Amino acid sequence: MRVTRTKADLRAALRELGSPDRIVGLVPTMGYLHAGHVSLLEASVERCDISVMSLFVNPTQFGVGEDLENYPRDEARDLAVAEETGVDLVYTPELEEVYPEGFCTYVEVEGITDVLCGAQSSRGRDHFRGVTTVVTKLLNTVKPDLAFFGRKDAQQVIVVERMCRDLDLDVQLVAMPTVREADGLAMSSRNAYLEAADRDRATAISRALSGVERAAAEGTSLKESIQLAYATLAEAGIEPEYLEARDGERLSPSTGFNGRPVLVAVAAPVGSTRLIDNVLIEPQPQTKEV
Ligand code: AMP
């Protein structure tokens, strides 16, 4: 496995490995790898001839007062995990390589970045502006055939898909299922911040979401299912930033199934850690609508 820190070095390494005549996969990450990241890396290794992992804690997607400075980092361990998984190339640039002096060009997706995590009361749309800008830069640098993202960040997948369609970017996105701890907690680099008592309470988030899924399958209305989820969170002392049902593709507000998939998404502070999770519920033919 080769570790590159500049665009020039990365491109040279890709050429040496035989791109563009081979299938290239890209897995963008901010590091502190866990089994969720590894599932993306494994999918790339399985489906592509050359797998590239980017490892870059992207400052433009962090808001003021967010955890940029304290974001967990362990490059040596991440490189060992990537190598063990069969990654061919790691791209881990310095800040100046990605955002050189004078940088002033951003990619912005409208509308679907104003809700959920993009709402003013949450992280705000600048978060997604940071994500779409860095992803565009990574896609332009690596020129992958396939790029792998996790459904754990469901809105991110929808926003990046929209951006690729709207800007005619020639890449196939692969959205991978959320990998969870044995007790249901969605894996996240930020779980490392959770103190023991908060770690226990945090399981209420996945319980609330699987409760919605179960209630919907049993024919409970979406509105009632969401109320049950609120109650599950409240019992654990968790007050969500948002807990919302949205159209699974368009992110418009959803009041019922109406033959379309519904995304139920949560963001909630647990102690000082902000966690997100979601579930995508396929249309339920027998559900009563309100
Ligand atoms: P991050 O390092 O948090 O920016 O995540 C890098 C990629 O890993 C993103 O596409 C995430 O959606 C994905 N990811 C993070 N956590 C999980 C998880 N628990 N299961 C599957 N994918 C994940």
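To be clear, the structure that these remarks concern was listed above.
K.L.:
Which residues make up the packing of aromatic side chains, and what values do they have?
P.N.:
One pass over the structure, following the stated rule, counts four aromatic pairs. Where Phe56 meets Tyr99, the ring centres are 6.3 Å apart and the plane angle is 40 degrees; that geometry is what we call tilted. Of this pair, Phe56 sits in the loop between strand 3 (50-55) and helix 3 (75-85) while Tyr99 sits in the loop between helix 4 (95-98) and helix 5 (125-142), and the two are 43 residues apart along the sequence. Relative accessible area serves as the criterion here: at 10%, Phe56 is assigned to the buried category. The exposure class assigned to Tyr99 is buried, which follows from its relative accessible area of 12%. Taken together, the ring pairs in this structure connect Phe56, Tyr99, Phe103 and Tyr106 into an aromatic cluster. The ring of Tyr32 is capped by Arg77, whose NZ or CZ atom sits 5.7 Å from the centre of that ring. Over the ring of Tyr106 we find Arg129; its NZ or CZ atom is 3.8 Å from the centre of that ring.

K.L.:
Could you give an account of the site of the ligand, naming the residues involved and the relevant values?
P.N.:
Taken together, 18 residues lie around the ligand, and Met30, His37, Asp153, Val179 and Met187 are the ones closest in. The separation between an oxygen atom of the ligand and a polar side-chain atom of His37 is 2.8 Å. The contact in question runs from an oxygen atom of the ligand to an N or O atom on the side chain of Asp153, over 2.6 Å. A total of 480 Å² of accessible area belongs to the ligand in isolation, and the protein chains cover 92% of it. Those elements giving two or more residues to the shell around the ligand turn out to be strand 2 (24-29), helix 2 (35-47) and strand 5 (146-150). If one sorts the elements of the shell around the ligand by residue count, helix 2 sits on top with three residues. Class assignment of the residues belonging to the shell around the ligand gives a composition of eight nonpolar, eight polar and two charged.

K.L.:
Describe the sheet that holds strand 2, listing the residues and the values that go with them.
P.N.:
Taken in spatial order, the six strands line up as 1-4-3-2-5-6 in an open sheet, and their pairing is parallel. Strand pairing shows two members of the sheet lacking a second neighbour, strand 1 (2-4) and strand 6 (172-176), which therefore form its edges. Strand after strand, the sheet turns through a mean of 25 degrees between neighbouring axes, direction not considered. Across three bridges, strand 3 lies against strand 4 (residues 89-91) in parallel orientation. When the sheet's bridge partners are listed, Met53 is paired in strand 4 with Val90. Sheet contacts for helix 2: strand 2, strand 3, strand 5 and strand 6; angle to strand 5, the most-contacted strand, approximately 160 degrees.

K.L.:
Before we move on, can you summarise the pattern of salt bridges with the specific residues and values?
P.N.:
Summed over all chains, the structure comprises 17 salt bridges. A salt bridge links Glu75 to Arg5; its shortest N-O distance comes to 2.7 Å. Of the two residues, Glu75 is situated in helix 3 and Arg5 in the loop between strand 1 and helix 1 (7-16); the sequence distance between them amounts to 70 residues. Ionic pairing is found between Arg125 and Glu108, a salt bridge with its closest N-O pair at 3.7 Å. With a gap of 17 residues between them, Arg125 in helix 5 and Glu108 in the loop between helix 4 and helix 5 connect regions that are remote in the sequence. Residue classification places Arg125 among the partly exposed residues on the basis of a relative accessible area of 26%.

Reading the values: the criteria
- Residues numbered from 1 in each chain as written.
- Predicted model: local features only at pLDDT ≥ 70, side-chain atom pairs only at ≥ 80, totals over all residues.
- Heavy atoms only, no water.
- Phe/Tyr/Trp six-rings, centres within 6.5 Å; stacked < 30°, edge-to-face > 60°.
- Helix = DSSP H or I, 4+ residues; strand = E, 2+ residues; numbered from the N terminus.
- Buried < 20%, exposed > 50% of the residue type's maximum accessible area, 1.4 Å probe, protein only.
- Lys NZ or Arg CZ within 6 Å of the ring centre and 35° of its normal.
- Near = heavy atom within 4 Å.
- Polar contact = N/O pair within 3.5 Å; in protein donor to acceptor, adjacent residues only side chain to side chain.
- Areas by Shrake-Rupley, 256 points an atom, 1.4 Å probe, with all protein chains shown as cover.
- Nonpolar A, V, L, I, M, F, W, Y, C, P; charged D, E, K, R; others polar.
- Pairing = 2+ DSSP bridges.
- Axes fitted to C-alpha atoms, helices over the stretch in contact; angles between N-to-C directions.
- Contact = heavy atoms within 4.5 Å.
- Salt bridge = Lys/Arg side-chain N within 4 Å of Asp/Glu carboxyl O.

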